[in-house]
Amino acid sequence: MSDCIFCKIINGDIPSQKVYEDELIYAFRDINPVAPVHILIIPKEHICCANELNDSHKELIGHIILTATKIAKAEGIAEDGYRLVNNCGENAGQTVFHIHFHLLAGEKFDRMV
Ligand code: 5GP
Ligand code: ZN
């Protein structure tokens with residue numbers, strides 16, 4: 001998607017602070033962190049949001065979540081705990097329509113659910 005900022009980040013057209021990359025996914029630090037550790041994990045495939053997921057994405061989504069746990073260990077946040085968040089759609093506050101998972105940590109969060 002030529003007008004998607006996250007596709008541009010994956011392509012290197014927009015600079016980012018890379019945390020992890022493999023053939024399927026890319027992880028980088030959020031430009032406007034809301035927690036001491038705030039990492040975004042995204043698929044390289046442009047998928048707008050969770051509404052666009054189908055059975056072909058099962059492995060990809062599992063890979064994202066497993067990688068989040070590995071990043072958490074590498075970042076030293078696994079023991080104290082972290083939150084993995086996906087916002088889907090406007091009511092959830094999604095602002096970038098390339099599916100992404102926020103890995104948040106470094107402080108104690110208020111409970112939402
Ligand atoms: P959403 O609100 O869609 O769940 O999350 C989008 C996130 O992308 C926000 O936390 C925002 O700060 C981050 N973001 C938006 N543009 C950029 C950018 O150009 N670079 C980086 N690193 N993060 C971005
Ligand atoms: Zn995209």
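Look up: the structure comes first, before these words.
Residues numbered from 1 in each chain as written. Chains lettered and ligands numbered in written order. Predicted model: local features only at pLDDT ≥ 70, side-chain atom pairs only at ≥ 80, totals over all residues. Heavy atoms only, no water.

### Points about the nonpolar core
Counting residues in each nonpolar core, the largest one holds 17 residues, and the members touching the most others are Ile 39, Ile 41, Ile 64, Ile 71, Ile 77 and Leu 103. For this core, the leading source of residues is helix α2 (residues 58-75), giving 6 residues. (Core = buried A, V, L, I, M, F, W, Y, C linked by side-chain atoms within 4.5 Å. Buried < 20%, exposed > 50% of the residue type's maximum accessible area, 1.4 Å probe, protein only. Helix = DSSP H or I, 4+ residues; strand = E, 2+ residues; numbered from the N terminus.)

### Section: the side chain of Gln 94
Along the polypeptide, Gln 94 turns up in the loop between β4 (82-85) and β5 (101-105). Among the residues examined, Gln 94 registers a relative accessible area of 5% and is labelled buried. Within the structure, Gln 94 has its side chain in polar contact with the backbone oxygen of Cys 48 (distance 3.0 Å). Of note is the side chain of Gln 94, whose polar atom sits 3.0 Å from the backbone oxygen of Val 96. Apart from residues no more than four positions distant in its own chain, Gln 94 is found in contact with Cys 48, Cys 49, Asn 87, Cys 88, Gly 89 and His 100. (Polar contact = N/O pair within 3.5 Å; in protein donor to acceptor, adjacent residues only side chain to side chain. Contact = heavy atoms within 4.5 Å.)

### Some points on the sheet that holds strand β3 (residues 37-43)
Strand order in the open sheet formed by 5 strands is β1-β2-β3-β5-β4, and the pairing between neighbours is antiparallel. The sheet is open, and its two borders are formed by β1 (18-21) and β4, each paired with just one other strand. Put simply, the sheet's adjacent strands are angled 15 degrees from each other on average, direction ignored. Alignment of strand β2 (residues 25-29) against β3, held across 5 bridges, turns out to be antiparallel. Paired with Ala 27 across the two strands is Ile 41, which belongs to β3. (Pairing = 2+ DSSP bridges. Axes fitted to C-alpha atoms, helices over the stretch in contact; angles between N-to-C directions.)

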